[in-house]
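A closer look at the structure
The primary structure of each chain is shown beneath.
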Amino acid sequence: PIDTGFKSKRQIAGQFRGINVWGPLDAPGQLGIWGTNVCVDFDICVADGACIEACPVNVYEWLETPGHPASEKKAFMAREKDCIFCLACENVCPPQAIKIFQK
Ligand code: SF4
Ligand code: F3S
């Protein structure tokens, strides 16, 4: 599962379309944890897609990640600011790659 304490251990290594990316980063094999409130560990995500189906406000969309060992697409929190903190995505992700922070 995602390390829920990652914010005290990792640093923001970059941004993609306004979304923070927490390192370490070594693309394409190591992609880090993405997001600030809606956080997905891209190195754990296996592209199950349950999060995308579950979200009532369409926060996520697929992002192609060719060459990543766990999966070649990831749940990208494109509309992170729309999150209503229902936790549906966090609860349905099989590998527990998601952590929601209300603040
Ligand atoms: Fe969507 Fe709810 Fe997950 Fe927020 S917590 S991204 S609203 S499913
Ligand atoms: Fe990935 Fe989990 Fe969603 S595996 S696609 S974050 S349900």
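Preceding this section is the structure that the text describes.
Just so it is clear, the model here is predicted, and its values are computed rather than measured.

About the thresholds
- Residues numbered from 1 in each chain as written.
- Chains lettered and ligands numbered in written order.
- Predicted model: local features only at pLDDT ≥ 70, side-chain atom pairs only at ≥ 80, totals over all residues.
- Heavy atoms only, no water.
- Near = heavy atom within 4 Å.
- Nonpolar A, V, L, I, M, F, W, Y, C, P; charged D, E, K, R; others polar.
- Pairing = 2+ DSSP bridges.
- Helix = DSSP H or I, 4+ residues; strand = E, 2+ residues; numbered from the N terminus.
- Phe/Tyr/Trp six-rings, centres within 6.5 Å; stacked < 30°, edge-to-face > 60°.
- Buried < 20%, exposed > 50% of the residue type's maximum accessible area, 1.4 Å probe, protein only.
- Lys NZ or Arg CZ within 6 Å of the ring centre and 35° of its normal.

1. Here's the deal with the site of ligand 1
- The immediate surroundings of ligand 1 are formed by 14 residues, with C55, C83, C86, L87 and C89 found nearest.
- Here the residues of the shell around ligand 1 are counted per class, giving 14 nonpolar, no polar and no charged.

2. Some thoughts on the site of ligand 2
- Contacts to ligand 2 come from C45, V46, A47, D48, G49, A50, C51, W62, A75, C93, P95 and I98.
- In terms of residue class, the shell around ligand 2 is made up of 10 nonpolar, 1 polar and 1 charged.

3. So, the sheet that holds strand β3 (residues 33-34)
- Spatial ordering of the open sheet is given by β1-β2-β3-β4-β7, a layout of 5 strands whose pairing is antiparallel. For this open sheet the edge positions go to β1 (12-16) and β7 (98-100), each flanked by a neighbour on one side alone.
- Relative to strand β4 (residues 38-41), β3 is paired through 2 bridges, and the arrangement is antiparallel. Paired with I33 across the two strands is D41, which belongs to β4.

4. Quick notes on the packing of aromatic side chains
- Here the structure, examined in full by the defined rule, presents 6 aromatic pairs.
- A ring pair is formed by F16 and F76, whose centres lie 5.5 Å apart and whose planes are at 75 degrees; its orientation type is edge-to-face. In this pair, F16 sits in strand β1 while F76 sits in strand β6 (residues 73-76), placing the two residues 60 residues apart along the sequence.
- Residue classification places F16 among the partly exposed positions, given a relative accessible area of 32%.
- Pairing W34 with F76 gives two aromatic rings, centres 5.9 Å apart and planes at 90 degrees, and the pair type is edge-to-face. Separated by 42 residues along the polypeptide, W34 in strand β3 and F76 in strand β6 bring together distant segments of the chain. Residues W34 and F76 agree in their burial class; the two are buried.
- Through a chain of ring-to-ring contacts, three or more aromatic side chains come together here, namely F16, W34, F42 and F76.
- When the ring centre of F101 is taken as origin, the NZ or CZ atom of K7, which lies over that ring, is 3.9 Å away.

5. Comments concerning the pairing of β4
- Of the two faces of β4, both are covered, the one formed by V38 and V40 as well as the one formed by C39 and D41.
- What sits between the antiparallel neighbours β3 and β4 is a turn of 3 residues, in which G35 has the positive phi angle 110 degrees.
- One ladder, built from 3 bridges, connects β4 with β7; its direction is antiparallel. Within β7, the residue paired with C39 across the bridge is K99.

Treat this as a map of the structure, not an account of what it does.
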